[in-house]
Amino acid sequence: MTDSASELASTQQQEMITSTIPAPPHWLWQVGYWFRVGFSLFLLLSVLIGVAGCSSSAATVPWQKATAVVPEPVLEQVIQANTDMDMAQAKETLLAWTVDGKAGKLTLFNFNTPNLCGVLGCLYAGYWLRENQPAVEVFQNYLNPNLPANKSLFQVGENRGQALPCLEVLQMEGDRLRQLNYCFNGDRYQLADSQLFISTMNRGLQRH
């Protein structure tokens, strides 16, 4: 058999094999198409949820420059009562965070300077601000601001029927985290209770 005859026979055999395999039905093409679309959407949503989860876990206190949050007389009162720093310098570095209460607001001040940090931590002060009434200091504590990246030093806690809400404060205790719950008693914030986290990644709690 010549080469041309062999090639012709091989081509005819391939054509016969191809012709015996039926084309997939139209509905199967549609199923495949929508499966690919659905899988792509699933991957996209997974990425978005992962990003959102990382963003929300990176909880931080929304500090602002105190000069943009409270009136200047209050700033001067806070600075004079808590530090002997130069007034102009203190105003530049002082940070504040305001929380709404049932009656007025709680404003926490972060002095944001190594001058007010020591072995016990850094100084944080909280003032009760109400209209037409003088600012009253209701919280003062030295706290360690060094926490895991996804943990916040302060969070708003529950309201126990007082003018101002409770504060949840996180502090490191060895390699574990302790949550200190400070609640307003009508006059000042006092430690109400605390919770010890089994680890910084697992919030198994033991009440004390």
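Refer to the structure presented above.
These numbers come from a predicted model, not from an experiment.

Colleague: Before we move on, can you summarise the packing of aromatic side chains with the specific residues and values?
Modeller: Evaluated as defined, the whole model comprises 10 aromatic pairs. Ring geometry for Trp63 versus Phe154: centroids 6.2 Å apart, planes at 85°, classification edge-to-face. Here the residue Trp63 occupies a position in the loop between α2 (26-57) and β1 (64-65), and Phe154 occupies one in strand β7 (residues 154-156), the gap between them amounting to 91 residues. Classification of Trp63 by relative accessible area gives partly exposed; the value is 22%. You can call Phe154 buried: its relative accessible area is 2%. Here Phe139 and Tyr189 contribute two aromatic rings whose centre-to-centre distance is 6.2 Å and whose plane-to-plane angle is 90°, an arrangement assigned as edge-to-face. Here Tyr189 lies in strand β10 (residues 189-197) and Phe139 lies in strand β6 (residues 136-143), a separation of 50 residues in the sequence. The exposure class assigned to Phe139 is buried, which follows from its relative accessible area of 2%. Through pairs of rings, three or more aromatic residues link up here, namely Trp63, Trp97, Tyr124, Trp128, Phe139, Phe154, Tyr182, Phe184 and Tyr189.

Colleague: Break down the state of the cysteines for me, with residues and values.
Modeller: Within the structure shown, the criterion is met by two disulfides. Bridging Cys117 to Cys122, the disulfide has an S-S length of 1.9 Å. Judged by the torsion about the S-S bond (110°), the Cys117/Cys122 disulfide is right-handed. For Cys166, the disulfide goes to Cys183, at an S-S distance of 2.1 Å. Between Cys166 and Cys183, the S-S torsion sits near 110°, and that sign places the bridge as right-handed. Of the two residues, Cys166 is situated in the loop between β7 and β8 (167-173) and Cys183 in strand β9 (residues 176-184); the sequence distance between them amounts to 17 residues. In this pair, the class of Cys166 matches that of Cys183, namely buried. The cystine pairing of the protein chain, numbering bonded cysteines in sequence order, is 1-2, 3-4.

Colleague: Please give an account of the environment of Val74 that cites residues and values.
Modeller: Examined against the element boundaries, Val74 turns out to sit in helix α3 (residues 72-82). Take Val74: its relative accessible area is 14%, and that puts it in the buried class. Put simply, Val74 and Pro134 are 60 residues apart on the chain and 8.4 Å apart in space, counted from C-alpha to C-alpha. In contact with Val74, not counting residues within four places along its chain, are Phe109, Leu129 and Ala135.

Colleague: Residues and numbers for the pairing of strand β5 (residues 121-129), please.
Modeller: Most of β5 sits out of view: nine of its nine residues are buried. As paired elements, strand β3 (residues 105-110) and β5 share six bridges and run antiparallel to each other. Within β5, the residue paired with Leu106 across the bridge is Trp128. Pairing analysis gives two bridges linking strand β4 (residues 117-118) to β5, with the strands arranged antiparallel. Residue pairing in the sheet places Gly118 in a bridge with Gly121 of β5. Here β5 pairs with β6 via seven bridges, running antiparallel. Counterpart to Tyr124 in the pairing with β6 is Asn141. Taking the residues between adjacent antiparallel strands as the criterion, β5 and β6 are bridged by six residues, where Asn132 takes a positive phi near 60°.

Rules and cut-offs
- Residues numbered from 1 in each chain as written.
- Predicted model: local features only at pLDDT ≥ 70, side-chain atom pairs only at ≥ 80, totals over all residues.
- Heavy atoms only, no water.
- Phe/Tyr/Trp six-rings, centres within 6.5 Å; stacked < 30°, edge-to-face > 60°.
- Helix = DSSP H or I, 4+ residues; strand = E, 2+ residues; numbered from the N terminus.
- Buried < 20%, exposed > 50% of the residue type's maximum accessible area, 1.4 Å probe, protein only.
- Disulfide = S-S within 2.5 Å.
- Contact = heavy atoms within 4.5 Å.
- Pairing = 2+ DSSP bridges.

None of the figures reported here should be taken as evidence of function without further support.
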